[in-house]
Amino acid sequence: MELLGTLRTINRGVAALIGVMLLLCAAFVLLDIVFRQLGSSFGGTDEISGYVMAIATSWGMAYTMLELGHVRIDLLRSRAAPVGRCLFDLFSMTVLSATVVLIAYKCWPVLERSINNNSTANTPLETPLVLVQAPWFAGWLWFAVMACLTTLIALRMILKGEFSQSEAIIGAFGEVETLK
Amino acid sequence: MITYVAVGLLALLSMSIPVGIVLFLLGFGIDWFFSSFPLIRGLGNMVWSASNSATLIAIPFFVLLGEILVRSGVATRTYAALDRWVSWLPGGLVHANVATATMFSATSGSSVATAATVATVAMPQAEKLGYDPKLFSGAIAAGGTLGIMIPPSINLIVYGFLTQTSIPQLFLAGLIPGIGLALAFIVMVAIICTIKPHLGGERRVFPLADMMRALVHLLPIILLFTMIIGSIYNGWATPTEAAAVGVAGAFVIAGAFGGLSFKMLTESIYGTVKITSMIMLVVIGASFLNFTLASAGLGQELDAFLSGLGLSPLGFILVVVVMYIVLGFFIETLSLMVVTIPIIVPLVIEQGYDPIWFGILMIVLIEMALITPPVGLNLYVVQGARQSGSMSEVMLGALPFAIVMLLMAFALIAFPQIALFLPQALN
Amino acid sequence: ENLAVVGSWSGLPLHIEYEAPFWGETLPAASGGDLTIELTTHNQMGLGLGDIYPLLGQGVYDVAMTVADYAVADAPELEGLDVPLIALSAEEARAMVDAARPMVADIYHDRFNSHVLAIAPYPPQVVFCNAEIAGLDDLQGLKVRASGRMTAKLLEALGAEGVNVSFSEVPGALQKGVVDCAVTGAGSGYSAGWWEVSTHLMPLPLGGWDPVVTAMNLDKWNGLSSEMQELIQTQITTEFEDPAWATAQNALVNDIACLTGNGDCPAGESRSMILVEASDADFAKAREILVGEVLPEWAERAGGDWAERWNASVGQVVGVTIN
Ligand code: NA
Ligand code: NA
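Owing to the predicted nature of the structure, the values given are computational and were not obtained by experimental measurement.

Enquirer: For this particular structure, what's the right way to read the state of the cysteines?
Expert: What is meant by a disulfide is a covalent connection between two cysteines, made through their sulfur atoms. All names here are of chain C. The final tally for this structure, using the stated rule, is two disulfides over all chains. Here Cys129 pairs with Cys181 through a disulfide, and the sulfurs are 2.0 Å apart. Here Cys129 and Cys181 share a disulfide; its torsion about the S-S bond, 105°, makes the bridge right-handed. Taken as a pair, Cys129 in strand β5 (residues 125–129) and Cys181 in strand β8 (residues 181–185) lie far apart in primary sequence, 52 residues in all. There is no split in this pair, since Cys129 and Cys181 are both buried. Here Cys258 is linked by a disulfide to Cys265, with a sulfur-sulfur distance of 2.0 Å. The sign of the S-S torsion, about 95°, decides the handedness of the disulfide formed by Cys258 and Cys265: right-handed. Looking at Cys258, the relative accessible area reads 1%, which means it is buried. Cys265 sits in the buried class, given a relative accessible area of 15%. The connectivity of the disulfide-linked cysteines in chain C, indexed sequentially, is 1-2, 3-4.

Structural data, given as structure tokens:
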């Protein structure tokens, strides 16, 4: 599937960006430690770390889903025939998609409140919460869209009888190469 | 309510729905059936505040640290070196898994990160050398749990935060029980493999000179441990910030002892993002479930139950142990700590127990929860690093280790000094 | 009528001694069985501190109580309820809170869709230092762990440097010099063993009094009969708010005695921290910075006519005017 390949490529890019953000955050914390030894400090490193974590988490979800990284118990599934396995997978993906759509929908009021109240963090930095909650919310929205698209792609494959291909995109094991 | 959660969990998990999603679904169910309030309106806030956490960022940092050590070859050489020292024991390479996990525990604050690191290095060996996958992978899952007992430890930071006890003292208190557990694992594996030799692999004896030469390869990990723990005890970094020190240290060590390349860096990043998101979906789902459980009155149920028993201090602690074992089957460990600490710890202190000691006892029980099915993050991580075989093998293989942990919990109750000796001696 | 009540920190005296008995026994008994209460606390629910009142407003529970300061992300004007250094005794703090009450009621009504029932004190937030200090002026150049935005701003204006450390990491941080001083309640500092790792205690309310606001979801409140409203309001004022304030001053005196060894310590063994009294000159200077820099900054953050309202109420009582 071309579309699926594109989604994977885009999400690998997203994952790389998250990695860069995490590395920058580590460097920032480290600099603060060094500066503190020299008698000054940026202050607020833990506040910023929290934002980085929230954003990294929401944007990483879709990548992990496409790499089959979200852990599932496959005691029953693994005993089923290929068609049965695909039905397990499809059911699981449908439930996941519905749940994530609901999560993204319920994350919106959090951002909405910050927009309406012009909320700023209760810290000396006074970070406008919109700046950090908007990308966080976008990450969950992204996850919801990716989940729905992947489910539809898999559904089409299953309807066409391409069970092993469907298993490759929504099955229970991750890509072998990422583990080596 | 507990029954509903247990049954619902088993049913949904067996449908092979992702674990994190199952926890959300159970939370929706609690909201629907057990609460007269629209708890779902709190969903977005819980998702935000569960992930907006400066403590949790230690998880990707520790995972990244492990990934860098693995992909630069440092971890592989550590594993090989420890193999030379312990593989003469009945069980062979299984001991190297425990020993490597113990060493990495000293550089990682997260059990999941430790298990992921060791699993990535060790799993290919098992398949190559024809080990029984159960005991082999169980040893990794269980050894990995030492990540939160041997300092540094994210869970001890959380415990210290919630109970207002000193984190450096908790770290000191975890050292002896952590090493004790590692030794107990090794003894247990040796006994099992003496009785049933086919479970272990080939016993291999290396010449002494070989063993001595191998020691060099332990140096990087010892250096890294010194950097992380040194930065905490010298007052340069808070225990949470030490995770960032660890990442920097891993880069330096990979550069000095292994290899740094653009390719390994990107692969480390992909691995980190994947494991972190996997853990975080479970953590966020668990915190939402916890929110609904607490709103529906789980706290009062527990409180009323425990204070209604009218037990002696010893009886009380034993009930608490049983309770953690049962809850540990079903509840993810960080949430388990967050739900129970505000209820349990005041009662425990009221009974005359030391909060530092109880912190260590709780960590042993939390370690158990990490390797008991159906919800056991370390089992999932090890299974994720395998390329074949069923989850149940890892679960079975981890079972004997869970029994050793239970024995350690009893030992701590009988001899509190196992935990308290170091912090008292150095104070 | 059933009420879901979310209490403040379960481990602190305010919850144990006042909230839990009031909601658990006093109020249900006074209602003659018309009210049943489900009581939990925000830390047991794992709520984010900033989420407590917004979720109250959405009706996720009926009643919530926590430190007003936790909600200032959504309502910067609320910072005016707890200004550091202007109330030195519990009596003055209560007068300040009473003066601010109409403002607080409006803020909760408009921002959090809820009705304010009571405002009770946490112990005043005083300064623990592991460094020789003789007064406020000596905080200059020191690394100080503060809680709350206005305190942090004041410390910065005093020339100190704010460092973020979580409560439980403070002892280690003090001992190792990651921070030189830290601000918290005298009682919390005593029970968490901060006296082990710090030498000097300055019992100035540099962190304010951390007032804890009890509020009820507005729709729930409006849905109650007027008799029930009156019952709840009278009971909470006389059986919760008044007693909590009545012991606040004694608690401060006792806690300081426990930490310094000057006087009796009912809580246990007394310790021997050095008591640092801020000189009048020091104090005047800090007040000047507060009035000249910190409060005007707040007035700007809060916007609207909040500064004028504050001047006309709290300012009148404590003798401070924001220009
Ligand atoms: Na560790
Ligand atoms: Na478990």
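Enquirer: So what exactly am I meant to see when it comes to the coordination of the sodium ion (ligand 1) here?
Expert: Six octahedral donors around a metal ideally make angles of 90 or 180 degrees; four tetrahedral donors ideally make 109.5 degrees. Residues and elements named next belong to chain B. Each protein donor to the sodium ion (ligand 1) is listed here as Ser105 (O), Ser108 (O), Gly147 (O), Ile150 (O) and Pro152 (O); together their distances run 2.2 to 2.4 Å. For the sodium ion (ligand 1), the donor residues sit on a single chain with the sequence spacing S-x2-S-x38-G-x2-I-x1-P. The class of Ser105 is buried, set by a relative accessible area of 0%. Judged by relative accessible area, which is 4%, Ser108 ranks as buried.

Enquirer: Honestly, the sheet that holds strand β3 (residues 63–67) of chain C in this entry has me stumped. Any pointers?
Expert: Pairing between the strands of a sheet comes from backbone hydrogen bonds, and it takes one of two forms, parallel or antiparallel. Residue and element names in this part refer to chain C. Taken in spatial order, the five strands line up as β2-β1-β3-β10-β4 in an open sheet, and their pairing is mixed. A single partner strand is all that each edge strand has here, and the edge strands are β2 (36–41) and β4 (114–120). Between one strand and the next, the sheet's axes are offset by a mean angle of 20°, whatever the strand orientation. Bridge count between β4 and strand β10 (residues 212–217): six bridges; the pairing is antiparallel. Within β10, the residue paired with Val116 across the bridge is Ala215. Along the sheet, helix α1 (residues 13–30) makes contact with β1 (2–7), β2, β3, β4 and β10, crossing β2 at roughly 165°. Sitting on the sheet, helix α4 (residues 90–112) is in contact with β4 and β10, with an inclination near 150° to β4.

Enquirer: Please explain α4 of chain C as it appears in this structure.
Expert: Because each turn of an α-helix spans 3.6 residues, side chains separated by three or four positions end up pointing in the same direction. All names here are of chain C. The end-to-end C-alpha distance of α4 is 28 Å, clearly below the 33 Å that 23 residues give at a rise of 1.5 Å each. Of all the bends in α4, the largest measures some 50° and sits at Arg101, one to four residues before the proline Pro102. Along α4, the residues classified as buried are Ala90, Ala93, Met96, Val97, Ala99, Ala100, Met103, Val104, Ile107, Tyr108 and Phe112. Along its buried surface, α4 packs onto α3 (52–57), β4, β10, α9 (226–260) and α11 (306–318). Count one or two residues on from α4 and you reach Asn113, which has phi positive near 45°.

Enquirer: Help me understand the interface of chain B and chain C, please; the structure alone is not making it clear to me.
Expert: Much of the literature gives interface size as the accessible area that the parts lose upon coming together. Listed as interface residues are 31 residues of chain B and, on the opposing side, 27 residues of chain C. Roughly 2,500 Å² is buried in total at the junction of chain B and chain C, and carbon and sulfur atoms are behind 56% of that figure. Applying the counting criterion to the chain B and chain C interface returns zero salt bridges. At the junction of chain B with chain C, the criterion picks out three residue pairs in polar contact (both at pLDDT 80 or more). Contributions of two or more residues to the side of chain B that touches chain C are made by α3 (43–51), α9 (154–163), α10 (167–195), α12 (219–233), α14 (262–295) and α17 (333–350) of chain B. Counting residues per element, the side of chain B that touches chain C draws most heavily on α14 of chain B, which supplies four residues. Here the side of chain B that touches chain C is composed, by residue class, of 16 nonpolar, 14 polar and one charged.

About the criteria used
- Residues numbered from 1 in each chain as written.
- Chains lettered and ligands numbered in written order.
- Predicted model: local features only at pLDDT ≥ 70, side-chain atom pairs only at ≥ 80, totals over all residues.
- Heavy atoms only, no water.
- Disulfide = S-S within 2.5 Å.
- Helix = DSSP H or I, 4+ residues; strand = E, 2+ residues; numbered from the N terminus.
- Buried < 20%, exposed > 50% of the residue type's maximum accessible area, 1.4 Å probe, protein only.
- Donors = N, O, S within 2.8 Å, 3.2 Å for Na, K, Ca; no water.
- Pairing = 2+ DSSP bridges.
- Axes fitted to C-alpha atoms, helices over the stretch in contact; angles between N-to-C directions.
- Contact = heavy atoms within 4.5 Å.
- Expected span 1.5 Å × (residues − 1).
- Bend = angle between axes of the 7 residues up to and from the residue.
- Buried area = accessible area lost by both parts, 1.4 Å probe.
- Salt bridge = Lys/Arg side-chain N within 4 Å of Asp/Glu carboxyl O.
- Polar contact = N/O pair within 3.5 Å; in protein donor to acceptor, adjacent residues only side chain to side chain.
- Nonpolar A, V, L, I, M, F, W, Y, C, P; charged D, E, K, R; others polar.

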